[in-house]
Structure formats: C-alpha cells, structure tokens
Amino acid sequence: MISNKVHRGFTLEERNDELLFAVLSKGGKAVDHGLNFIIFCLTLGLWSFAWLYLTVEASKPKKVLVAIDEDGFPFEERCLVA
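Keep in mind the model is a prediction, meaning the values are calculated, not measured.

Caption draft 1: Representation of the packing of aromatic side chains within the structure. For the coordinates displayed, the defined rule picks out two aromatic pairs. When the centroid spacing of 6.1 Å and the interplanar angle of 25° are considered together, the rings of Phe-37 and Phe-40 count as stacked. Here Phe-37 pairs with Phe-40, and both are found in helix 2 (residues 33-42), just three residues apart, close to one helical turn. Aromatic rings pair up to connect Phe-37, Phe-40 and Trp-51 into one cluster.

Caption draft 2: Representation of helix 2. For helix 2, the N-terminal capping position is held by Asp-32, with its side-chain oxygen 3.4 Å away from the main-chain nitrogen of Gly-34. Backbone geometry just downstream of helix 2 places Leu-44 in the positive-phi region, at approximately 55°.

Caption draft 3: Up close: a nonpolar patch on the surface. On the surface, Ile-2, Val-6 and Leu-12 cluster together into a nonpolar patch covering about 230 Å² of accessible area. Residue placement: Ile-2 occurs in helix 1 (residues 2-7).

Caption draft 4: Examining the environment of Ile-39 more closely. Position of Ile-39 among the secondary structure elements: in helix 2. Ile-39 gets classed as partly exposed once you look at its relative accessible area, which sits at 26%. Along the sequence, Ile-39 and Trp-51 sit twelve residues apart, while their C-alpha atoms lie 9.2 Å from each other.

Caption draft 5: View of the sheet that holds strand 2 (residues 21-26). Within the open sheet, the four strands sit side by side as 1-2-3-4. Their pairing is antiparallel. Two strands lie at the open edges of the sheet, namely strand 1 (11-16) and strand 4 (74-79), each paired on one side alone. On average, adjacent strands in this sheet sit at an angle of 20° to one another, irrespective of strand direction. Relative to strand 4, strand 3 (residues 62-68) runs antiparallel, the two being bridged by six bridges. The partner of Ile-68 across the bridge, within strand 4, is Pro-74.

About the thresholds
Residues numbered from 1 in each chain as written. Predicted model: local features only at pLDDT ≥ 70, side-chain atom pairs only at ≥ 80, totals over all residues. Heavy atoms only, no water. Phe/Tyr/Trp six-rings, centres within 6.5 Å; stacked < 30°, edge-to-face > 60°. Helix = DSSP H or I, 4+ residues; strand = E, 2+ residues; numbered from the N terminus. Polar contact = N/O pair within 3.5 Å; in protein donor to acceptor, adjacent residues only side chain to side chain. Patch = residues over 30% accessible without salt bridge, like charges linked within 9 Å, V, L, I, M, F, W, Y side chains within 5 Å. Areas by Shrake-Rupley, 256 points an atom, 1.4 Å probe, with all protein chains shown as cover. Salt bridge = Lys/Arg side-chain N within 4 Å of Asp/Glu carboxyl O. Buried < 20%, exposed > 50% of the residue type's maximum accessible area, 1.4 Å probe, protein only. Pairing = 2+ DSSP bridges. Axes fitted to C-alpha atoms, helices over the stretch in contact; angles between N-to-C directions.

As structure tokens, then:
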C-alpha cells in the first residue's frame, strides 16, 4: 500500500515500526489558469464555480496515514493539514 502511494507521487514523511504506521504527504497541484479562463469564457461564467473549487482544493497539500489495525489489516486515513 505504501509503495503504491509512493509510486503515485507521495513522499514518506514519518514511519514507526513499533506501532506500524507511516505518514505520507503530497504537495498540491498547479492549476492551469489559462485553460480555465478559456473554459470560463466559453461557458459564459458558469465554469467559475468549478475553477474556484479546483484552485482551492487542488493546491492543498495532502497527507495520508497508512497503518495496520489490531486484526492485521492495512488501512489508510486522511490527515488534516493546517
């Protein structure tokens, strides 16, 4: 599970072998504002809601906690980033 995340661009930020968890992080994506402006003009401004959402959400860094529960099954959870 960790190697799949690293393959998709995440970096290993913290690892604990005693408690069996790892924290992975990934920086935010860059938004192509030129393309979004063209779509904004073609849709007569309706694209502004999607453009705003993309700008806010895609630029946020992402953190994921990958761990093994009491039964031995791996799971992942999103971490809150301030």
